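What the coordinates show
The primary structure of each chain is shown beneath.
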Amino acid sequence: MENPMKKVVIAGAGPAGLMAAHFLSKNKGLQVDVFDANKAIARKFLVAGHGGFNLTNAETTDTFIEKYNHPFIKDAVRAFSNEATIRWLSEIGVETFVGSSGKVFPEKGIKPIQVLTKWTSYLEQQRVGILTGHQLIDFNGKEAVFQNGETTLNVAYDYLILAFGGASWKKTGSTGEWTSLFTGKGIQLVPFQASNAGIVLSDWNPELGGGVLKNTGISIDGEYKFGEIELTDYGLEGAPVYALSKKVREGATELVLNLKPVWTSQQLVEKYAAFKGSKTDFLNAIKVVKPAVKLLKNCLSREDFTDDARFLRAIHYLVLSMESLRPLDEAISTVGGISMDEITPSFELNNYKNHYCIGEMLDWDAPTGGYLLQACFASGYVAAQSVLNQ
Ligand SMILES: Cc1cc2nc3c(=O)[nH]c(=O)nc-3n(C[C@H](O)[C@H](O)[C@H](O)COP(=O)(O)OP(=O)(O)OC[C@H]3O[C@@H](n4cnc5c(N)ncnc54)[C@H](O)[C@@H]3O)c2cc1C
């Protein structure tokens, strides 16, 4: 007798694939199986939890969706918003709190691995199959072919959801090697590039590494960000730096730091005029942090540091030359992968009915701060709804 259950095969057990499984599993008429090439699932999801598991952001939806560069991702996040993420977390037994910057974290004491364990326990209760060590190597509209060591496994499907991730942090399983799967299938791929990556500076003194610039402004090609910037032995890291990755990809060669952005240039000149003491004392008095003082002294010539006008201008307008972004594998996320022109707003491939691509394997971009994960969750949700509505 024919099995009345429709089969959904999901390849890639990161946040996008698992979220698709989560919502599909609510329909008992579907058999849902998730396969991952890696020995363990959702490694990048766990890596994202190092130093604080920022799962989404508490912004209003209108502000939130402005962070994305593609309408399909914006629409998906409208359909599955930050509030939906918080509800889903609560459903699997993870309560959350909003941090000072609007970032949403699991309640204190809940480790990233505990979030994942609660999620997989839920999925197992819902009878979702999860198989590790199975790499999807081909699909033909009826069967997905998985490689498990020396063995190949052909799995029949009615719906195939691909959630392979981007091409950074290869050790987590997000190798980007899946692009060969699409060769000969007429699906347009965009080359991977680093996003949310550190910046390598030219003529940089590695000894400046280790310092942190708090409350600092950074601009590239007129786009301005503010926050905490880490100095490393090759250049700069930190959320405001990552958010300007696109400008570096577009070929910008200079960035400008503002080490005292809370004051106008006029205020800075007036404070300096009224100050009695050395330039270093002045920087200390106006609470420019030590690493910033060291940076200024390192970047300015003795003449520029001595000259009042040039010294004051450098506090607000310190120009640094950029060499490149850090290598692809170090990037927090990547752009490139499957072109957004290849999919419908439901994340279904235009020319392959019942085949979906979700998460970071698609060519969209967003900053860190919970926006990447939110888009991955949302695309998984939207693809699941599309299957459920058929
Ligand atoms: C250091 C770091 C910090 C981060 N911090 C944050 C943050 O604070 N906030 C935020 O929103 N985001 C953050 N991110 C980004 C976030 O983790 C990713 O955007 C997200 O994990 C992507 O989810 P995904 O499901 O699309 O893909 P992934 O999580 O990359 O999962 C893809 C899965 O597919 C599997 N796979 C690949 N090829 C195959 C194949 N052929 N067959 C079967 N399986 C396959 C892989 O093994 C992997 O498990 C961070 C990332 C990093 C690296």
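It should be emphasised that the depicted structure is a prediction, and the values quoted were computed from it without experimental measurement.

1. Section: the overall build of the chain
Counting its secondary structure elements, the chain contains 14 helices and 19 strands. Based on the C-alpha atoms only, the size of the chain along its principal axes is roughly 90 × 45 × 35 Å. Here the chain holds 390 residues, and the buried ones make up 41% of them. Considering only intrachain contacts with a sequence separation of at least 6, the fraction spanning at least 24 residues in the chain is 72%.

2. Let's talk about the nonpolar core
The nonpolar side chains of soluble globular proteins are, as a tendency, buried together. In terms of nonpolar packing, the biggest core is built from 72 residues, with Val8, Ile10, Ala20, Ile161, Ala163 and Ala375 touching the most fellow members. The element best represented in this core is helix H14 (residues 371–388), accounting for 12 residues. Residue contacts for isoleucine 10: discarding those within four places in its chain leaves Gly17, Ala20, Ala21, Val32, Val34, Ile161 and Ala163. Grouped together as the second largest cluster of nonpolar side chains are 29 residues, Trp204, Leu231, Ala243 and Leu259 included.

3. Digging into the site of the ligand
Among the 37 residues in the neighbourhood of the ligand, the closest are listed as Gly12, Gly14, Gly165, Gly173 and Gly359. Across the shell around the ligand, the residue classes tally to 20 nonpolar, 13 polar and four charged.

4. Points about the packing of helix H1 (residues 15–24) against H14
Running from N to C, H1 and H14 point in directions that differ by 35 degrees, and their axes come no closer than 7 Å. Crossing of H1 over H14 shows right-handed handedness. Packed against H1, whose contacting residues are Pro15, Ala16, Gly17, Met19, Ala20, Phe23 and Leu24, the element H14 presents Leu373, Cys376, Phe377, Ser379, Gly380, Tyr381, Ala383, Ala384, Gln385, Val387 and Leu388 at the interface. Grouping the amino acids of the contact of H1 with H14 by side-chain chemistry returns 14 nonpolar, four polar and no charged.

5. Considerations on the sheet that holds strand S7 (residues 135–139)
Strand order in the open sheet formed by three strands is S7-S8-S9, with antiparallel pairing between adjacent strands. Two strands bound the open sheet, and with one partner strand each, they are S7 and strand S9 (151–156). Pairwise comparison of adjacent strand axes, ignoring direction, gives a mean angle of 30 degrees for this sheet. Summarising the sheet, S7 and strand S8 (residues 143–148) pair through four bridges and their orientation is antiparallel. Directly across from leucine 136, in S8, lies its bridge partner phenylalanine 146.

6. A look at the domain arrangement of the chain
As assigned here, the chain comprises domain 1 (6–194 + 331–388) and domain 2 (199–325). Its C-alpha centre places domain 1 at a distance of 38 Å from the equivalent point of domain 2. Contacts between domain 1 and domain 2 engage seven residues on the former and seven residues on the latter. For the side of domain 1 that touches domain 2, the per-class residue count stands at three nonpolar, three polar and one charged.

7. What about the sheet that holds strand S16 (residues 254–258)?
Judged by pairing direction, the barrel is antiparallel, and its six strands sit side by side in the order S12-S15-S14-S13-S16-S17 before closing back on the first. Direction aside, the axes of adjacent strands within the sheet are offset by 45 degrees on average. Relative to S16, strand S13 (residues 212–220) runs antiparallel, the two being bridged by three bridges. Pairing of glycine 217 across the sheet is with asparagine 258, part of S16. On top of the sheet, helix H11 (residues 290–299) reaches S13, strand S14 (223–231) and strand S17 (318–325); it is set at about 50 degrees to S13, its chief contact.

Quick notes on the rules
Residues numbered from 1 in each chain as written. Predicted model: local features only at pLDDT ≥ 70, side-chain atom pairs only at ≥ 80, totals over all residues. Helix = DSSP H or I, 4+ residues; strand = E, 2+ residues; numbered from the N terminus. Buried ≥ 20, exposed ≤ 12 C-beta atoms within 10 Å, placed from the backbone. Contact = placed C-beta atoms within 7 Å. Core = buried A, V, L, I, M, F, W, Y, C linked by C-beta atoms within 7 Å. Near = placed C-beta within 6 Å. Nonpolar A, V, L, I, M, F, W, Y, C, P; charged D, E, K, R; others polar. Axes fitted to C-alpha atoms, helices over the stretch in contact; angles between N-to-C directions. Left-handed = near helix turned anticlockwise from the far one by under 90°. Pairing = 2+ DSSP bridges. Domains from an automatic or database assignment.

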